[in-house]
Amino acid sequence: NAGVMQNPRHLVRRRGQEARLRCSPMKGHSHVYWYRQLPEEGLKFMVYLQKENIIDESGMPKERFSAEFPKEGPSILRIQQVVRGDSAAYFCASSLDLGPISHTDTQYFGPGTRLTVL
Amino acid sequence: SQQGEEDPQALSIQEGENATMNCSYKTSINNLQWYRQNSGRGLVHLILIRSNEREKHSGRLRVTLDTSKKSSSLLITASRAADTASYFCATGDSGGSNYKLTFGKGTLLTVNP
């Protein structure tokens, strides 16, 4: 059973460009979470998605950031018009779906995408 | 409020010794999880302890939780050089958003061979 997969592992963008980060959850997992880790910091929650639904985006900046988890394909975190302050490691996690409203507490993390904005 | 503050920030020990890391938090929690992160890599889930549990073991790991003191400890026994990593505690709120993990800044553990 493959773990959570993220790509690319490293992404370099110039200021003003767009960054698209992809995450494929573990098999059987339909809950996806995105976190951001700044240097020397712990991870900070950004957004929680289920298939075709954004459940909680309270940790995501209102401007320039968006996330989706389509019915088919990976979850995408999109950052438009990147700035230097967006440079960070972005981690995706997934958890198991036990039913319509519940999920296990354990989140399994991917290897992360390290975004560098020049 | 800031949750999941690990202590110490850095710990250096010799192989074979035990390593103890502590975590404090401020609000009510549903569970507390410990993760390991090797330099430049993703997080590996180590252990989850629920708010109604006091102690949990997994191999060389022992986790305790004291909800009255809002603190947890992670003990790694008979440490190995491969245990060198950053260790994070993460708390899930007791409310409806328990999926929203709050991480501390971590403890950097160095195990010297």
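For clarity, every value in this text was computed on a predicted model and none was experimentally measured.

### Things to note about the nonpolar core
Grouped together as the largest cluster of nonpolar side chains are 23 residues, with contacts concentrated most on A:Trp34, A:Met46, A:Leu77 and A:Tyr90. Looking at this core, the elements that each hand over two or more residues are strand S3 (19-24), strand S4 (29-37), strand S5 (43-50), strand S7 (65-68), strand S8 (75-79), strand S9 (88-96) and strand S11 (113-117) of chain A. In this structure, A:Tyr90 is in contact with A:Gln6, A:Leu21, A:Tyr35, A:Arg36, A:Met46, A:Phe65, A:Leu77, A:Ile79, A:Gly112, A:Thr113 and A:Leu115, ignoring residues within four places of it in sequence. Counting residues in each nonpolar core, the second largest holds 21 residues, with B:Ile49, B:Leu61, B:Val63 and B:Val111 among its members.

### Things to note about the pairing of S8(A)
Residue and element names in this part refer to chain A. Where burial is concerned, most of S8 is hidden: 4 out of the 5 residues are buried. When S3 meets S8, the two strands line up antiparallel, connected through 5 bridges. From the neighbouring strand, Leu-21 faces S8, where its bridge partner is Leu-77. The pairing of S7 with S8 spans 4 bridges and is antiparallel. Bridge assignment links Glu-68 to a residue of S8, and that residue is Ile-76. The hairpin formed by S7 and S8 contains 6 residues between the paired strands, and Gly-73 there has a positive phi angle of roughly 95 degrees.

### Brief notes about the interface of chain B and chain A
Counting residues at the interface gives 20 residues for chain B and 20 residues for chain A. Where chain B abuts chain A, roughly 1600 Å² becomes buried across the two surfaces, and 51% of that area is made up of carbon and sulfur atoms. For the chain B face of the interface with chain A, the top three residues by lost area are B:Leu43, B:Tyr99 and B:Phe103, together amounting to 35%. At the junction of chain B with chain A, the criterion picks out 2 salt bridges. For A:Glu41, the salt bridge goes to B:Lys105, with nearest N and O atoms at 3.9 Å. Our count for the chain B to chain A interface comes out at 9 residue pairs in polar contact (both at pLDDT 80 or more).

### Here we look at the side chain of A:Ser94
Residues and elements named next belong to chain A. Relative to the helices and strands, Ser-94 is located in strand S9. A polar contact is formed between the side chain of Ser-94 and the backbone nitrogen of Met-26, at a distance of 3.3 Å. At 2.7 Å, the side chain of Ser-94 and the side chain of His-29 are in polar contact. Ignoring any residue separated from it by four or fewer positions in sequence, one finds Ser-94 in contact with Val-4, Pro-25, Met-26, His-29, His-31, Val-32, Tyr-33, Thr-106, Gln-107 and Tyr-108.

### A closer look at the sheet that holds S3(A)
Residues and elements named next belong to chain A. As summarised here, the arrangement of the 4 strands in space is S1-S3-S8-S7, forming an open sheet in which the pairing is antiparallel. For this open sheet the edge positions go to strand S1 (5-7) and S7, each flanked by a neighbour on one side alone. If you compare each strand with its neighbour and ignore which way they point, the axes differ by 15 degrees on average.

### Notes on unusual backbone geometry
Across the junction of A:Asn7 and A:Pro8, the peptide omega takes the value 0 degrees, indicating a cis bond. Within the secondary structure, A:Pro8 sits in the loop between S1 and strand S2 (10-13). Even without being glycine, A:Gln81 reaches a positive phi, approximately 45 degrees. Within the secondary structure, A:Gln81 is located in the loop between S8 and S9. With phi around 55 degrees, B:Lys70 is a residue other than glycine that occupies positive phi space. As for its position among the elements, B:Lys70 is in the loop between strand S7 (61-66) and strand S8 (71-76).

### Section: the side chain of A:Arg114
Note on placement: A:Arg114 falls in strand S11. On the basis of relative accessible area, A:Arg114 is assigned to the buried category, the value being 18%.

### Thoughts on the pairing of S8(B)
All names here are of chain B. Burial runs high along S8: 5 of the 6 residues are buried. The pairing of strand S3 (residues 19-24) with S8 spans 6 bridges and is classified as antiparallel. Paired with Ala-19 across the strands is Ile-76, a residue of S8. Relative to S8, S7 runs antiparallel, the two being bridged by 6 bridges. Paired with Leu-61 across the bridge in S8 is Ile-76. Here S7 hands over to S8 after 4 residues, with Lys-70 in that stretch at a positive phi of 55 degrees.

Cut-offs used in this document
Residues numbered from 1 in each chain as written. Chains lettered and ligands numbered in written order. Predicted model: local features only at pLDDT ≥ 70, side-chain atom pairs only at ≥ 80, totals over all residues. Heavy atoms only, no water. Core = buried A, V, L, I, M, F, W, Y, C linked by side-chain atoms within 4.5 Å. Buried < 20%, exposed > 50% of the residue type's maximum accessible area, 1.4 Å probe, protein only. Helix = DSSP H or I, 4+ residues; strand = E, 2+ residues; numbered from the N terminus. Contact = heavy atoms within 4.5 Å. Pairing = 2+ DSSP bridges. Buried area = accessible area lost by both parts, 1.4 Å probe. Salt bridge = Lys/Arg side-chain N within 4 Å of Asp/Glu carboxyl O. Polar contact = N/O pair within 3.5 Å; in protein donor to acceptor, adjacent residues only side chain to side chain. Axes fitted to C-alpha atoms, helices over the stretch in contact; angles between N-to-C directions.

Any link to function would need more than the numbers given here.
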